[in-house]
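# A closer look at the structure
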Amino acid sequence: MESLLLLLGACLLLGIAVGFSAGLLGIGGGLIAVPALIYLLPMVDVPANNLPHVAIATSLAAIILTSFASARAHHQRGNIDWSLFKPMLPGTMLGALGAGFIAEFISGADLKRGFAVFVILMSINMAFPYKPVSTEKKMPPALVLFLVSALIAVVSGLMGIGGGTLTVPFLCWGGLQMRQAVGFSSANGLVIALWGSLGYVIAGWDVQGMPFGSLGYVYIPALVGIVITSMLMAPVGAKAASTWPTPVLKKIFAALLLVVGLKLMLG
């Protein structure tokens with residue numbers, strides 16, 4: 001019980017960092033939550049080989065509420081092109097759902113290394129951001145949209161993120177304005193989080209040795225702790241973004257991500 005309370009307290013603090021940084025810097029919570037959970041979850045005896053799986057699954061589940069809030073706000077502003085969901089929704093659902101089952105065939109060590117590489121790439125992108133420019137191009141055919149959405153969902157599901165870092169550049173390349181790309185990405189991230197979490201719940205249902213409070217690979221106490229404080233702190237971070245020097249902070253955070261990624265890879 002003591003270790004569970006310690007973990008819950010740590011996840012409440014983690015949620016503060018996740019929510020505030022998401023509001024301030026516009027980053028996905030998975031880049032913070034996954035590595036933190038990899039180090040926290042041994043407190044409640046999550047099996048070592050399943051640590052990355054549980055961290056990623058729990059991070060995805062935590063994204064559900066924040067993605068819903070973001071998608072709702074963008075919908076109210078008319079930033080979501082719902083017609084794009086016709087070709088992309090099936091691919092997103094299948095890719096996100098399948099990620100949990102694909103992760104079962106990847107060892108904990110390899111999944112951890114894969115996430116480490118992704119974090120390093122994201123740190124480089126944050127320090128030297130690629131700024132997609134919308135063009136006069138038309139969106140690719142429906143089959144291409146289906147395949148790309150499935151690929152984005154698989155990668156996002158394996159990394160425990162909502163996929164905005166992949167979806168937004170693709171949609172801008174296809175001709176959407178930035179605000180529309182971000183708006184659609186927020187709704188698409190909700191789909192990835194929902195179906196990705198479901199995939200990890202089903203895939204981890206019969207895994208032996210999981211601690212009490214686990215729903216498949218999703219660890220509920222950690223999820224609750226993160227969600228409570230992240231939802232409270234995201235608006236605070238968004239308000240701070242109007243006065244704090246966010247470009248400088250992004251570069252500092254990029255350096256921290258680089259250290260985290262290298263430590264995960266070498267640790």
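All of the points below concern the structure found in this document. (Residues numbered from 1 in each chain as written. Predicted model: local features only at pLDDT ≥ 70, side-chain atom pairs only at ≥ 80, totals over all residues. Heavy atoms only, no water.)

The subject of this paragraph is helix H5 (residues 108–127). Across its 20 residues, H5 extends 29 Å between first and last C-alpha, which sits within 8% of the 28 Å expected from 1.5 Å per residue. Listed in full, the buried residues belonging to H5 are Gly 108, Leu 111, Lys 112, Phe 115, Ala 116, Phe 118, Val 119, Ile 120, Met 122, Ser 123, Met 126 and Ala 127. Among the structural elements, helix H2 (30–40), helix H3 (51–76), helix H4 (85–104), helix H6 (142–159), helix H7 (164–173) and helix H10 (246–266) are those in contact with the buried residues of H5. (Helix = DSSP H or I, 4+ residues; strand = E, 2+ residues; numbered from the N terminus. Expected span 1.5 Å × (residues − 1). Buried < 20%, exposed > 50% of the residue type's maximum accessible area, 1.4 Å probe, protein only. Contact = heavy atoms within 4.5 Å.)

This structure, assessed with the given rule, holds one salt bridge. Its salt-bridge partner being Arg 113, residue Asp 110 comes within 2.6 Å of it at the nearest N-O pair. Of this pair, Asp 110 and Arg 113 both sit in helix H5, three residues apart, roughly one helical turn. Exposure remark for Asp 110: the relative accessible area of 41% places this residue in the partly exposed category. (Salt bridge = Lys/Arg side-chain N within 4 Å of Asp/Glu carboxyl O.)

Quick look at the packing of H7 against helix H8 (residues 178–203) now. In helix packing, the relevant descriptors are the interaxial angle and the interaxial distance, both defined with respect to the helix axes. In the contact formed by H7 and H8, the axes pass within 9 Å of each other and the chain directions differ by 140°. Taken together, the axes of H7 and H8 are oblique relative to one another. Relative to H8, H7 is oriented so that their crossing is right-handed. Here H7 contributes Gly 164, Thr 167, Val 168, Leu 171 and Cys 172 to the contact with H8, which in turn contributes Met 178, Ala 181, Val 182, Phe 184, Ser 185 and Asn 188. The residue inventory of the contact of H7 with H8, partitioned by class, reads seven nonpolar, four polar and no charged. (Axes fitted to C-alpha atoms, helices over the stretch in contact; angles between N-to-C directions. Parallel < 35°, antiparallel > 145°, perpendicular 65-115°, else oblique. Left-handed = near helix turned anticlockwise from the far one by under 90°. Nonpolar A, V, L, I, M, F, W, Y, C, P; charged D, E, K, R; others polar.)

Before going further, it helps to examine the packing of H6 against H7. Orientation of H6 relative to H7, taken along the N-to-C sense of each, is 160°, at an axis distance of 9 Å. By the angle class used here, H6 and H7 are roughly antiparallel. Between H6 and H7 lies a crossing of right-handed hand. Contact residues: H6 offers Leu 145, Val 148, Ile 152, Val 155 and Ser 156, while H7 offers Leu 166, Thr 167 and Phe 170. Looking at the contact of H6 with H7 residue by residue, the classes come out as six nonpolar, two polar and no charged.

What follows deals with unusual backbone geometry. The backbone of Asp 45 shows a phi angle near 65°, a positive value even though the residue is not glycine. Tracing the chain through its elements places Asp 45 in the loop between H2 and H3.

Take the side chain of Ser 197 next. Position of Ser 197 relative to the elements: it lies in helix H8. Residue Ser 197 is classed as buried on the basis of its relative accessible area, which comes to 7%. One polar contact links the side chain of Ser 197 to the main-chain carbonyl oxygen of Ala 193, over a distance of 2.6 Å. Filtering out sequence-adjacent residues up to four positions away, Ser 197 remains in contact with Ala 57, Leu 60, Ala 61, Ile 64, Ile 192 and Val 218. (Polar contact = N/O pair within 3.5 Å; in protein donor to acceptor, adjacent residues only side chain to side chain.)

Turning our attention to H6. Its 18 residues place the ends of H6 26 Å apart at the C-alpha level, agreeing with the 26 Å of an ideal helix rising 1.5 Å per residue. Looking only at H6, the buried set comprises Leu 145, Ser 149, Ala 150, Ile 152, Ala 153, Val 154, Ser 156, Gly 157, Leu 158 and Met 159. Its buried side turned inward, H6 meets H2, H3, H4, H5, H7 and H8.

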